[in-house]
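# Examining the three-dimensional arrangement
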Amino acid sequence: MDKVIYYKDELNDDFAGNNIKTKDVPDNFVYIKKNPLWRVVAFLFYYVVACPLVTAYNFLFHGEVIKNRRVLKGYRKNGYYLYGNHTMIAADAFTPSRVAFPKKANVIVNPDAFSIPVVSAMVGMLGGVPIGTNLRGMKKFTAAMTKYSESKKVMMIYPEAHIWPYYTGIRPFKDVSFKYPAKDGRPVFCFTRIFKKRKFFRRPRVVVYIDGPFFPKDGATVKENQKYLRDCVYEAMKKRALKNEIEYVKYVRQTENEQPGQEFIASVAACAEPTSAIVTSATATREDIAVTSATAETNTVAIADDINVMNAAVAAGTAGKVKIAE
């Protein structure tokens, strides 16, 4: 049975299918935890519990292997930015920790991941960093990103912003999420998940290729380096995507006047993985919040620029349907 997903907008359609009612990130949310007990519990949970389970899950269910990890050698100590294609529901939450190990991967996530009380605590311990949902929240988020960079952390961003399960191409993501490495000059790496045929299973095997490092160009402006770094990552991902061997899910563009046939329309969950993710879609940008007040203070305008950088992560409205064709 082939799986077919109809889409209209490569940039904004999302097929995560988690049906989570998103809650705003509280204004008093603490991004940098300083409580010693919390830090000890988070360390043990991440390295003793989560990492072994993540490795087992990705290997047993997807046969995931990671290649070209040697390019990270020499850069782990000082931290870096990591970008990846957003093509799996559960594995996308787990793969960054495998790529960055032994460093902890701090993954930029949609507020969905922090909308369930008990799960949100686990997501935080696993390195999830939620994007602020208002002006005050974005100010705190931006400050946290600066602190993470200064602390030489690994920051993981999905520039495509929305999950397309088992998609074999690279969507034309924007350069806004590359503002951070363009400003602080830290190295950029990317991973590309591709799908290989398996002898005894219809579900494909996953191979993850790491590429980089990419650095901002000397003498270029932040805007110029945003575009440069984006293009470096995009071209590396496009090249790796050519190694895909199987189209487990077929994506078909739907025009405005075109409607799918009357065959059974199934939930996107049909394309989901065997296990639910405790971390939902990691996202790259938020682009739709704008500061419109003509009398805004200079510092507010500066914050608004960061809001524009990260706003696509919580862009509302998805316009895709999933059809199962027998």
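Higher on the page you've got the structure.
Here the structure is a predicted model, which is why all the values come from computation and not from measurement.

What counts and how
Residues numbered from 1 in each chain as written. Predicted model: local features only at pLDDT ≥ 70, side-chain atom pairs only at ≥ 80, totals over all residues. Heavy atoms only, no water. Pairing = 2+ DSSP bridges. Helix = DSSP H or I, 4+ residues; strand = E, 2+ residues; numbered from the N terminus. Axes fitted to C-alpha atoms, helices over the stretch in contact; angles between N-to-C directions. Contact = heavy atoms within 4.5 Å. Left-handed = near helix turned anticlockwise from the far one by under 90°. Nonpolar A, V, L, I, M, F, W, Y, C, P; charged D, E, K, R; others polar. Polar contact = N/O pair within 3.5 Å; in protein donor to acceptor, adjacent residues only side chain to side chain.

Taking strand neighbours across the sheet as the criterion, the seven strands line up as β2-β8-β7-β3-β6-β4-β5 in an open arrangement whose pairing is mixed. Both outer strands of the open sheet, β2 (65-67) and β5 (128-130), are each paired with one neighbouring strand and no more. The sheet shows a mean angle of 25 degrees between the axes of neighbouring strands, direction not considered. Note: strand β4 (residues 105-109) against strand β6 (residues 154-157), three bridges, orientation parallel. Opposite asparagine 106, over in β6, you have methionine 155 as the bridge partner. The sheet strands contacting helix α6 (residues 222-241) are β3 (80-84), β7 (188-196) and β8 (205-214), and the helix crosses β7 at an angle near 20 degrees.

This brings us to the packing of helix α1 (residues 36-62) against helix α2 (residues 91-100). When two helices pack together, their arrangement is given by the angle between the helix axes and by the axis-to-axis distance. Close contact between α1 and α2 brings their axes to 9 Å; oriented N to C, the two are set at 115 degrees. For the pair α1 and α2, the crossing hand works out as left-handed. Together, Tyr46, Val54, Thr55, Tyr57, Asn58 and His62 of α1 and Ala91, Phe94, Thr95, Ser97 and Arg98 of α2 make up the contact between the two elements. The residue inventory of the contact of α1 with α2, partitioned by class, reads five nonpolar, five polar and one charged.

Attention now moves to the environment of arginine 198. Note on placement: arginine 198 falls in the loop between β7 and β8. The spatial distance from the C-alpha of arginine 198 to the C-alpha of isoleucine 246 is 9.5 Å, given a sequence separation of 48 residues. Leaving out residues up to four positions away in the same chain, arginine 198 has contacts with Phe61, His62, Gly63, Arg203, Pro204 and Arg205. A polar atom in the side chain of arginine 198 sits 3.2 Å from the backbone oxygen of phenylalanine 61. There is a polar contact of 3.0 Å between the side chain of arginine 198 and the backbone oxygen of arginine 203.

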